[in-house]
Amino acid sequence: MTASRLTLPSPAKLNLMLHILGRREDGYHELQTIFQFLDYGDEITFAVRDDGVIRLHTEFEGVPHDSNLIVRAAKKLQAQSGCSLGIDIWIEKILPMGGGIGGGSSNAATTLLGLNHLWQLGWDEDRLAVLGLTLGADVPVFVRGHAAFAEGVGEKLTPVDPEEPWYLVLVPQVSVSTAEIFSDPLLTRNSSPIKVRPVPKGNSRNDCLPVVARRYPDVRNALNLLGKFTEAKLTGTGSCVFGGFPSKAEADKVSALLTETLTGFVAKGSNVSMLHRKLQSLL
Ligand SMILES: C[C@](O)(CO)[C@H](O)COP(=O)(O)OP(=O)(O)OC[C@H]1O[C@@H](n2ccc(N)nc2=O)[C@H](O)[C@@H]1O
Ligand SMILES: Nc1ncnc2c1ncn2[C@@H]1O[C@H](COP(=O)(O)OP(=O)(O)OP(=O)(O)O)[C@@H](O)[C@H]1O
């Protein structure tokens, strides 16, 4: 018998590189990016209710209940599957919003997979990923749960297996609007498509970095400080900045130095999302 209550992880992602190839007619940008997960994220608890009501009990500052990606994901899945059950939801939120580590998209994907399980819908990952894409460009990779080279607006995914270092992630205390960065006239949108697989070394740049660093001094400062110890990169459109280390001890050492003045955390990179590891353990 399937349980009626479930707690699932909702991990963060990093963009290990991000190239912008062009702009489509609908304003969205064609990208090439590599996603990898972090063993670090939110925790969402779901409890089935039989009256069809969908209710998120945790309040988010600045995000009305019905705009929350968790609620939007649940409502879309309920409508498209014709399910008559409802759900109570609580979240322990630790991922910064507007940090480029995909918190909202990950929460949406965890909700889709969690409800598919609890409501016993039997949807496959393809169908959940298609629904996920209507909620955000990054939702499909969280639905699939494997590190990926992504193309299109981020929805054409090829699984990849990059190294899994320990990362120090710095969290500048600013929220960056993805839409604002993508509409900046100074953004370069003409990177040549990478045609060789796996992606050759030397392609780790993020085309959003110059625009974000220019607009946000706190992000620039984090890049400069972390850059003294390792290659410092921007994830997505920021604000988070990260660098890889061969061991937890080394990441912790730099973290101790930098988090005197900056906020940050240390987490292991992972090519299989902890959400999928947990779901696998339930089967
Ligand atoms: C840049 C990335 O963080 C890379 O992982 C993501 O592609 C952004 O994904 P996301 O936050 O889920 O973005 P969405 O909510 O789909 O889009 C937010 C806004 O960013 C812009 N946007 C986003 C993705 C994309 N490929 N091209 C865009 O131009 C659009 O103006 C859109 O209105
Ligand atoms: N469950 C949710 N968690 C976080 N943000 C949410 C959620 N639901 C809606 N939002 C809205 O989405 C915005 C973007 O949040 P998110 O945490 O996904 O940003 P991000 O890390 O920059 O994402 P990305 O890397 O996909 O650009 C938030 O500022 C918030 O207004």
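Residues numbered from 1 in each chain as written. Chains lettered and ligands numbered in written order. Predicted model: local features only at pLDDT ≥ 70, side-chain atom pairs only at ≥ 80, totals over all residues. Heavy atoms only, no water.

Considering the site of ligand 1
Around ligand 1 lies a shell of 17 residues, among which Lys13, Asn15, His29, Ala137 and Asp138 are the nearest. Within the side chain of Asn15, a nitrogen or oxygen atom sits 3.0 Å from an oxygen atom of ligand 1. Between ligand 1 and the protein, one listed contact pairs an oxygen atom with a side-chain N or O atom of Asp138 at 3.0 Å. Within the complex, the protein chains bury 80% of what would otherwise be the 640 Å² of accessible surface of ligand 1. Secondary structure elements with two or more residues in the shell around ligand 1: strand 1 (5-23), strand 2 (29-49) and helix 5 (178-182). Looking at the shell around ligand 1 residue by residue, the class counts come to eight nonpolar, seven polar and two charged. Looking at the shell around ligand 1, you find at least three residues from each of domain 1 (5-160) and domain 2 (166-270). (Near = heavy atom within 4 Å. Polar contact = N/O pair within 3.5 Å; in protein donor to acceptor, adjacent residues only side chain to side chain. Areas by Shrake-Rupley, 256 points an atom, 1.4 Å probe, with all protein chains shown as cover. Helix = DSSP H or I, 4+ residues; strand = E, 2+ residues; numbered from the N terminus. Nonpolar A, V, L, I, M, F, W, Y, C, P; charged D, E, K, R; others polar. Domains from an automatic or database assignment.)

Details of the packing of helix 2 (residues 103-118) against helix 3 (residues 125-133)
Remark: helix 2 packs on helix 3, axes separated minimally by 10 Å, with the N-to-C direction vectors making an angle of 140 degrees. Comparing their axes, helix 3 and helix 2 come out oblique. The way helix 2 lies across helix 3 gives a crossing that is right-handed. Two secondary-structure elements touch here, helix 2 through Leu112, Leu113 and Asn116 and helix 3 through Leu128, Leu131 and Gly132. Taken together, the residues of the contact of helix 2 with helix 3 break down into four nonpolar, two polar and no charged. (Axes fitted to C-alpha atoms, helices over the stretch in contact; angles between N-to-C directions. Parallel < 35°, antiparallel > 145°, perpendicular 65-115°, else oblique. Left-handed = near helix turned anticlockwise from the far one by under 90°. Contact = heavy atoms within 4.5 Å.)

Re the packing of helix 2 against helix 9 (residues 274-282)
Interaxial distance between helix 2 and helix 9 falls to 11 Å at its minimum, and their mutual angle equals 5 degrees. By the angle class used here, helix 2 and helix 9 are roughly parallel. Taken together, the residues of helix 9 that come into contact with helix 2 (itself represented by Thr110, Leu113 and His117) are Leu275, His276, Leu279 and Leu282. Of the residues that constitute the contact of helix 2 with helix 9, the class distribution is four nonpolar, three polar and no charged.

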